[in-house]
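Report on the structure
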Amino acid sequence: MNYKLGLLLVAAGICLHSSAQVITDQKEVTWKGFKRVMFKLNGNEAWYTVPRAPQAGRPWVWRAYFPEWHTEMDSILLSKGVYIAYINASDRYGHSSAMNRWDDLYTYLTTQQHFEPRPALEAVSRGGLYAYGWAKRNPSKVSCIYAEAPVCDFTSWPAGKGKGKGAPGEWKQLLNVYGLTETQALQYADQPKDNLEALAAYKVPIVHVIGLQDKIVPAEENTLVLVQNYIRNGGPATVIPMTRGKQELEGHHFPIENVEALAGFVYEKVLRQPQPLPAADFIHPYGKLDNLLYRIRHKETVTVAFLGGSITNMTGWRNKEEQYLAERYPETRFRFLNAGIPSLGSLPHAFRLQKDVLDQGRIDLLFIEAAVNDRVNGTPEIRQRRALEGIVRHALSANPAMDIVLMGFADEFKLADLQAGNIPPEITVHETVARHYGLPFINLAAEVSARIAHKEFTWDADFKNLHPAPFGQALYFNSIKTLLQMQLSGETPEAVVPKKIPGPMDPLNYAGGRYVPAKEASIQKGFVLHPSWQPSDGVGTRPGFVNVPVLEGTAAGAQTSLAFQGSSVGIAVVSGPDAGTIRYSIDGGPEQTVDLYTQWSSGLHLPWYLLLGDGLKKGRHRLNLTIADQQDPQSKGHAVRIVYFLVNGK
């Protein structure tokens, strides 16, 4: 079983538990001849300055810090029809509590004031901690970054652990905000200069202007390191040294040369087309996450489980969602369960749900991903439907208060269907189940297809694979985050409400799916139960399918059987280079033959799930299984290695 059960506690943050975005103390003032709308957003001071003749769509520049420093560019951009905005997150040093305030302002301006979805970020000095912190979390929402002597590593400033002088008071304050010891802070691995892969994948252009004599924020410890890392990841970057005029504050303050050209860079990028399609267009809220909202608002412990294949198991969108929840709601204790196992789709999920998820404790939010492997593994549509419905019914039967989200991820096959005007069957199954059971569904396959058609990116150059590059992982994260933002707002529910489970769409769904240990089989001849199986050929394995009990037969004619009670029966095997062929029958009926060797078996002892009997009558049954004489031409042997029997029923 390939899962990670982790407990993530986040301290030293500010959590906004307001039921909606609250605007107070709004007033209008005049700033350099322009109207400025000032207000408090959830208690935090904010403003936006209005151009006299706004550009269509309301493009805007977001000032990260020191909004009254070097405002020449702001005046130029305002005269060109671009808004300027700011929210006060002073003395938070780019911490997640500051990012929450930024999220609030972004949501307010883009939804209530209808600003464009891709602002330009303008970062001065320590503003680099804020601008890059938010940009790395939201790469699809940034048109460009313009920075003046930005802090790109807080061990340089305010810590002063390199060539810079540092600022002891601010360093102490930063440690307190982050809840870190100095040793922990010096090892902090997510500075602006770090983890730039997604931002670079989105080709967000950056321009840094620096002073060569800067002893406060030395360029060689900040800008030059970040830019080198950014370019190494494929991001477009420009560094411009400011060498004319008086260098003040030990080189940290300097006049900006050729302001018009720099303003032109920002203006061009903030107006770039096409504007992205809204992520909300691909979210189908057939149900709500009210129980999750209640638990978060009441600061309960919340367990979030991710059930899926390799797209779930790999580092990417899942980790970003975990980080987002922990940062957004720091007063909630989150427990995250990674129940992703590569190669597995809805059929395996239905039978492993109890062991891999439900047995791990109360689950409050369950994300389900199966559509990619259902297509790749060739799972028939009727079994997809029975499996997915079975997962939902089984989960809700175990905990009627569980919130569930279904997701349909993208692959080349689904894109081909969508481009031909057809809805992929896997997507139809997911949406049908979501609608019937009142669950949110995110159609990520349709989103990827639509964005490609909208010329926002290409599959080959940007997304790259059904196992997405950082670009695709960021896209998936943004869509799921959008769902959470949509659902975890509004008034606090009065109580946790158990869901009413509707009647089944298919009475033969796999809601009773479970593992039967291999040791429960009766061995007639030739099979051996290994208490902790390992391959002897050096070929790779999957976690959860090695060092576990395995019923193994390696010679033709070996026989085993299983007595069971249920409507479906199957086997979960490891199918490696020597995988054989089986003959089987149920209740003495006609024998059938199945080849266990797969297209992936040559290089991996692959977990492979086979349903051998379905729609059986109520009562007891017996599965008889024999290793056949024949074998796949590519196989090196006759091996049958059963990790679990699959039974749908009590």
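Everything numeric in this text was worked out from a predicted model, so none of it was measured.

Cut-offs and rules
- Residues numbered from 1 in each chain as written.
- Predicted model: local features only at pLDDT ≥ 70, side-chain atom pairs only at ≥ 80, totals over all residues.
- Heavy atoms only, no water.
- Helix = DSSP H or I, 4+ residues; strand = E, 2+ residues; numbered from the N terminus.
- Rg over C-alpha atoms; globule rule 2.2 N^0.38 Å.
- Contact = heavy atoms within 4.5 Å.
- Areas by Shrake-Rupley, 256 points an atom, 1.4 Å probe, with all protein chains shown as cover.
- Axes fitted to C-alpha atoms, helices over the stretch in contact; angles between N-to-C directions.
- Parallel < 35°, antiparallel > 145°, perpendicular 65-115°, else oblique.
- Nonpolar A, V, L, I, M, F, W, Y, C, P; charged D, E, K, R; others polar.
- Pairing = 2+ DSSP bridges.
- Expected span 1.5 Å × (residues − 1).
- Buried < 20%, exposed > 50% of the residue type's maximum accessible area, 1.4 Å probe, protein only.
- Disulfide = S-S within 2.5 Å.
- pLDDT = per-residue confidence, 0-100.
- Left-handed = near helix turned anticlockwise from the far one by under 90°.

From N to C terminus, the protein chain includes 19 helices and 28 strands. The C-alpha atoms of the protein chain give 28 Å as radius of gyration, which agrees with the globular expectation for 650 residues (26 Å, within 12%). Expressed along its principal axes, the backbone C-alpha trace of the protein chain runs to roughly 90 × 50 × 50 Å. Within the protein chain, contacts between residues separated by at least 24 positions form 79% of all contacts whose residues are at least 6 apart in sequence. When the accessible surface of the protein chain is summed, it comes to about 24,900 Å², and 51% of that surface belongs to carbon and sulfur atoms.

Below, the discussion takes up the packing of helix 2 (residues 96–112) against helix 11 (residues 317–328). For the pair helix 2 and helix 11, interaxial distance at closest approach is 9 Å and the crossing angle is 95°. Comparing the axis directions of helix 2 and helix 11 gives the class roughly perpendicular. Facing helix 2, whose interface residues are Ser-96, Asn-100, Asp-103 and Asp-104, helix 11 presents Tyr-324, Glu-327 and Arg-328. Looking at side-chain class alone, the contact of helix 2 with helix 11 contains 1 nonpolar, 2 polar and 4 charged residues.

Before going further, it helps to examine the sheet that holds strand 4 (residues 44–50). Spatially, 2-3-4-6-5-7-8-9-10 is the arrangement adopted by the 9 strands of the open sheet, whose pairing is mixed. What marks the edges here is a single partner per strand, and that holds for strand 2 (23–31) and strand 10 (237–241). Taken over all neighbouring pairs, the strand axes of this sheet differ in orientation by 20° on average, direction set aside. When strand 3 (residues 34–41) meets strand 4, the two strands line up antiparallel, connected through 7 bridges. Looking at the pairing, Val-37 lines up with Tyr-48 of strand 4. Across the sheet, helix 2 touches strand 2, strand 3, strand 4, strand 5 (60–63), strand 6 (83–87) and strand 7 (120–124), and the angle it forms with strand 5 is around 160°.

Between its first and last C-alpha atoms helix 2 spans 23 Å; for 17 residues at 1.5 Å apiece the expected length is 24 Å, and the two agree. Of all 17 residues in helix 2, 14 are buried, a share of seventy percent or more. His-114 occupies a position one or two residues after helix 2 and carries a positive phi of about 60°.

Turning our eyes to something else, we now look at the state of the cysteines. One covalent bond between the sulfur atoms of two cysteine residues makes up a disulfide. Per the stated rule, a full pass over the model turns up 0 disulfides. The thiol of Cys-144 is unpaired, and the distance to the nearest cysteine sulfur, on Cys-152, comes to 16 Å. On the basis of relative accessible area, Cys-144 is assigned to the buried category, the value being 0%.

Now for the confidence of the model for the protein chain. Confidence in the prediction of the protein chain, expressed as mean pLDDT, is 95, and 97% of residues score 70 or more. This model gives residues 1–19 a pLDDT under 50, and the stretch forms 73 contacts once residues within four places in sequence are excluded.

Glancing now at the packing of helix 14 (residues 381–398) against helix 16 (residues 425–437). It is the contact of helix 14 with helix 16, at a shortest axis distance of 10 Å, that shows an interaxial angle of 35°. As helix 14 runs across helix 16, the sense of the crossing is right-handed. Contacts between helix 14 and helix 16 pair Glu-381, Gln-384, Arg-385, Leu-388, Glu-389, Val-392 and Arg-393 from the former with Pro-425, Glu-426, Val-429, His-430, Thr-432, Val-433 and Tyr-437 from the latter. Split by residue class, the contact of helix 14 with helix 16 holds 6 nonpolar, 3 polar and 5 charged.

In this section: the sheet that holds strand 25 (residues 592–595). Strand order in this open sheet of 5 strands is 18-22-27-24-25, and the pairing throughout is antiparallel. The sheet is open, and its two edges are formed by strand 18 (522–525) and strand 25, each paired on a single side. In this sheet, neighbouring strand axes are inclined to one another by 25° on average, regardless of whether the strands run parallel or antiparallel.

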